[in-house]
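Chain by chain, the residues:
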Amino acid sequence: MSKRTDLRPEVSQGVTDEHKSAAGWVLASVAYLYRTEQPDAPVDILGYPVAIGAKAYEATGRSCHGGTGTIARLARDAAPAPRDGISRGAYALELADAARRLGFEWDDANEPAIPRLPVPGPRRTGESGRVPAPRPEQRKEARR
């Protein structure tokens, strides 16, 4: 006897535009990873599906609910299988093309929205190196 909480694999979930968009992001993220970390090393045939699954898990807010499996499956099906001996950098180009086909756009909108501004340090002046705080009598004179 089945219960409401049992998984029913015969009932498939529909693929939404959000799933396709997330799968494109997953492929773009793995492409970025492969391009920036050890691009000359060969693609690990076992590590590749793990990277896809990990990025899909990240795309769904680190939850198994929300289509993690669907997103990972879409991403894996959209990209060509890695060939024996292909470098991570060369395969990153193929992953980027597959991400574009899923609708992922490579533009400045994908950059972080909050700019990173340097934090100003203490002001320095003269030989002492620090600007002294104004003395109470100097503050009174400045108000007049």
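In what follows, the structure referred to is the one given above.
Only a predicted model underlies this, so the values are computations on that prediction, with no experimental measurement involved.

**Student:** Before we go on, may I ask you to explain the packing of aromatic side chains in this structure?
**Tutor:** Under the counting rule described, the total for this entry stands at 2 aromatic pairs. Geometrically, the ring pair formed by Y34 and Y91 is tilted, given 6.5 Å between the ring centres and 40° between the ring planes. Of this pair, Y34 sits in helix 1 (residues 17–36) while Y91 is found in helix 4 (residues 88–101), placing the two residues 57 residues apart along the sequence. Y91 carries the same exposure label as Y34, and that label is buried. Ring centres of Y48 and Y91 lie 5.3 Å apart, and the angle between their planes is 80°; this geometry places the pair in the edge-to-face category. Linking Y48 in helix 2 (residues 47–59) with Y91 in helix 4, this pair joins segments that are 43 residues apart in sequence. Residue class for Y48 comes out buried when judged on its relative accessible area of 5%. Among the residues examined, Y91 registers a relative accessible area of 0% and is labelled buried. An aromatic cluster of at least three residues, connected via ring pairs, comprises Y34, Y48 and Y91.

**Student:** Could you clarify how one ought to interpret the pattern of salt bridges in this entry?
**Tutor:** Oppositely charged side chains are able to pair whenever their charged atoms sit close together. Summed over the entire model, instances satisfying the criterion amount to 3 salt bridges. With a closest N to O distance of 3.7 Å, E58 and K55 form a salt bridge. A residue pair is termed a helical-turn pair when its members lie 3 or 4 positions apart in one helix, as E58 and K55 do in helix 2 at 3 residues. Assessed through its relative accessible area of 21%, K55 is described here as partly exposed. With its nearest N and O atoms 2.9 Å apart, the salt bridge here joins E94 to R83. Remark: R83 occurs in the loop between helix 3 (68–78) and helix 4 and E94 occurs in helix 4; sequence separation between them is 11 residues. Here R83 falls in the partly exposed class, since its relative accessible area comes to 47%.

Rules behind the numbers
- Residues numbered from 1 in each chain as written.
- Predicted model: local features only at pLDDT ≥ 70, side-chain atom pairs only at ≥ 80, totals over all residues.
- Heavy atoms only, no water.
- Phe/Tyr/Trp six-rings, centres within 6.5 Å; stacked < 30°, edge-to-face > 60°.
- Helix = DSSP H or I, 4+ residues; strand = E, 2+ residues; numbered from the N terminus.
- Buried < 20%, exposed > 50% of the residue type's maximum accessible area, 1.4 Å probe, protein only.
- Salt bridge = Lys/Arg side-chain N within 4 Å of Asp/Glu carboxyl O.

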